[in-house]
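# Structural characterization, general
Now for the letters of each chain:
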Amino acid sequence: MPLRCLFACLLAMSLSAQERPLILKAARLLNVRTGKLETPGQLWVKAGRIQAGPPPAGVEIIDLGNRTLLPGLIDCHTHLLFPAGLGELGYLKRSQAAMVLDGVVNACKVLEAGFTTVRDVGASAGFGDVALRDAIARGDIPGPRMLVAGPALSITGGHGDLNGFPPHVHVGEDHIVDSPDAGRHAVREWHKRGVDLIKLHATGGGLSNHDDPGAPSFSPPEFKAIVEEARRRGLDVCAHAHGDAGILEATQAGVRSIEHGSLLSPATAKEMKARGTFLVPTLYALESILLPGNPYKVPEGSLAKARAILPLRKAGFRVALDAGIPIAYGTDIGVFEHGQVAADFRYLVSYGMTPLQALQSATLVAAELLRMGGEIGSLEPGHIADVIAVDGDPLTDISTLERVRFVMKDGKMVLRIP
Ligand SMILES: [Zn+2]
């Protein structure tokens, strides 16, 4: 499957060398801003951008038939370099080079699933995410446009540390930060390495050993130093956080987004709303950990944490929705299989969003979180021509987003299923 995927993508890249003006036609086009379906749908594309006004005569028409045109999708929480199902100790046996190659294959799967932009938030492979982003941007390999964070910053004993080993075992602790100055230093180092944003672990996590997802991590001065220094370098900060205290402290320090946000309280949600902090909920990841038969080989300790959090996070998501916090689509792929990157749509709807809200989370809202609202996230003149097409109407059947039939990125065709 991965080879077929890569082959198709490479083939598409060779086709894209013939980039030329064209008209995309389909039975429908969904305006994600208004929720209105335009029938028929039509887009004029030239030089990688959506054009205004009527196209000149003679432009080639690509007719996608009884399909719906939509903006390319955006996942704000990926781990392209982490193979799903590696298990906790698997990382210790995998070289950084192997993980970068995993990233090449996973980038292709994600693009073919209709995701033309991702924010990759935490890769341990020696800033391999930076290299992957740049190779895709140069057009050397197929993949989504990437914003990358490098390794996530963590406290000693936190979600990003290697816990439960004898004291003589140390593995890559550059990202372990235990003072405001160490936080500033790490941000400067990460900036030097070319990241687009900083990721930190504001609480313990589910897939790590011997830490508590409910407990906050950094002290308020450490949070503040990291966020302040990131701002000085022009970088946003996103915070992994399950417990409410960590969500609140990270929010008050000024992070751009809270990842997971499982145990969010109404009072903290109010603070997030007031500050314009985004939530990136990653709903299916937790569900996937608890799938029958444990396909991703999750250790028992992590299964127990997931069982405890799952019922509470449904309430936490409802709190976020009721508070009107901007919710941006994010999956945590790498916890589960990358080809299932569209799985969260079903869960967003089953947890309380309308299908249009779920689609907006992966288009308009995600683009805003990435500060790219003027470029991607809707099909408007002047925007980058990132376009997908699905069968039927996603507003009546959200699962159609899991079967994307056509993908265009930067005005170049990537996938077209007859
Ligand atoms: Zn993650």
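Before reading further, recall that the structure is shown in the block above.
Below is a summary of the structure that appears in this document. These numbers were taken from a predicted model, which means no experiment stands behind them.

## Things to note about the packing of helix 4 (residues 180-193) against helix 5 (residues 220-232)
In a pair of packed helices, the angle between the axes and the distance between the axes together describe the arrangement. Where helix 4 contacts helix 5, the axes come no closer than 8 Å and their chain directions differ by 25°. In this view, helix 4 runs roughly parallel relative to helix 5, as classed from their interaxial angle. With respect to the hand of their crossing, helix 4 and helix 5 are arranged in right-handed fashion. Between helix 4 and helix 5, the residues in contact are Pro180, Gly183, Arg184, Val187 and Arg188 and Pro221, Glu222, Ala225, Ile226, Glu228, Glu229 and Ala230, respectively. Classifying every residue of the contact of helix 4 with helix 5 gives six nonpolar, one polar and five charged.

## Here's the deal with the environment of Phe165
Within the element layout of this structure, Phe165 appears in the loop between strand 10 (145-148) and helix 4. Under the relative-accessibility criterion, Phe165 is labelled partly exposed at 30%. Counting along the chain gives 10 residues from Phe165 to Ile155, while the straight-line C-alpha distance between them is 16 Å. Contacts of Phe165, omitting those with residues within four sequence positions, involve Leu89 and Leu92.

## So, the sheet that holds strand 6 (residues 60-63)
Taking strand neighbours across the sheet as the criterion, the four strands line up as 5-4-1-6 in an open arrangement whose pairing is mixed. Unpaired on one side and paired on the other, strand 5 (49-50) and strand 6 mark the two borders of the sheet. Here strand 1 (residues 22-26) pairs with strand 6 via four bridges, running parallel. Counterpart to Ile23 in the pairing with strand 6 is Ile61.

## Details of the sheet that holds strand 13 (residues 257-260)
Strands sit in the order 11-12-13-14 across an open sheet of four strands; the sheet is parallel. Strand pairing shows two members of the sheet lacking a second neighbour, strand 11 (197-201) and strand 14 (278-280), which therefore form its edges. The sheet shows a mean angle of 25° between the axes of neighbouring strands, direction not considered. Here three bridges tie strand 13 to strand 14, and the two strands are oriented parallel to one another.

## Things to note about the pattern of salt bridges
Applying the stated criterion across every chain yields a total of 25 salt bridges. Here Asp140 makes a salt bridge to Arg138, at a shortest N to O gap of 2.7 Å. Looking at Asp140, the relative accessible area reads 45%, which means it is partly exposed. Linked through salt bridges whose partners overlap, the residues forming this network are Arg67, Asp391 and Arg405.

## Structural notes on the packing of helix 5 against helix 6 (residues 244-253)
Their axes nearest at 9 Å, the elements helix 5 and helix 6 cross at an angle of 45°. When the axis of helix 5 is compared with that of helix 6, the two are oblique. Here helix 5 and helix 6 pass one another in a crossing that is right-handed. Contacts between helix 5 and helix 6 pair Pro220, Phe223, Lys224 and Val227 from the former with Glu249, Ala250 and Ala253 from the latter.

## Focus on the state of the cysteines
Scanning all chains against the criterion turns up zero disulfides. Free cysteine: Cys238, not disulfide-bonded; nearest cysteine sulfur from Cys76 at 9.7 Å.

## Looking at the side chain of Ser378
Relative to the helices and strands, Ser378 is located in the loop between helix 12 (364-369) and strand 15 (387-391). Separated by 2.6 Å, the side chains of Ser378 and Glu380 make a polar contact. Ignoring any residue separated from it by four or fewer positions in sequence, one finds Ser378 in contact with Val32, Arg33, Pro71, Leu364 and His383.

Each value, and the rule that gives it
Residues numbered from 1 in each chain as written. Predicted model: local features only at pLDDT ≥ 70, side-chain atom pairs only at ≥ 80, totals over all residues. Heavy atoms only, no water. Axes fitted to C-alpha atoms, helices over the stretch in contact; angles between N-to-C directions. Helix = DSSP H or I, 4+ residues; strand = E, 2+ residues; numbered from the N terminus. Parallel < 35°, antiparallel > 145°, perpendicular 65-115°, else oblique. Left-handed = near helix turned anticlockwise from the far one by under 90°. Contact = heavy atoms within 4.5 Å. Nonpolar A, V, L, I, M, F, W, Y, C, P; charged D, E, K, R; others polar. Buried < 20%, exposed > 50% of the residue type's maximum accessible area, 1.4 Å probe, protein only. Pairing = 2+ DSSP bridges. Salt bridge = Lys/Arg side-chain N within 4 Å of Asp/Glu carboxyl O. Disulfide = S-S within 2.5 Å. Polar contact = N/O pair within 3.5 Å; in protein donor to acceptor, adjacent residues only side chain to side chain.

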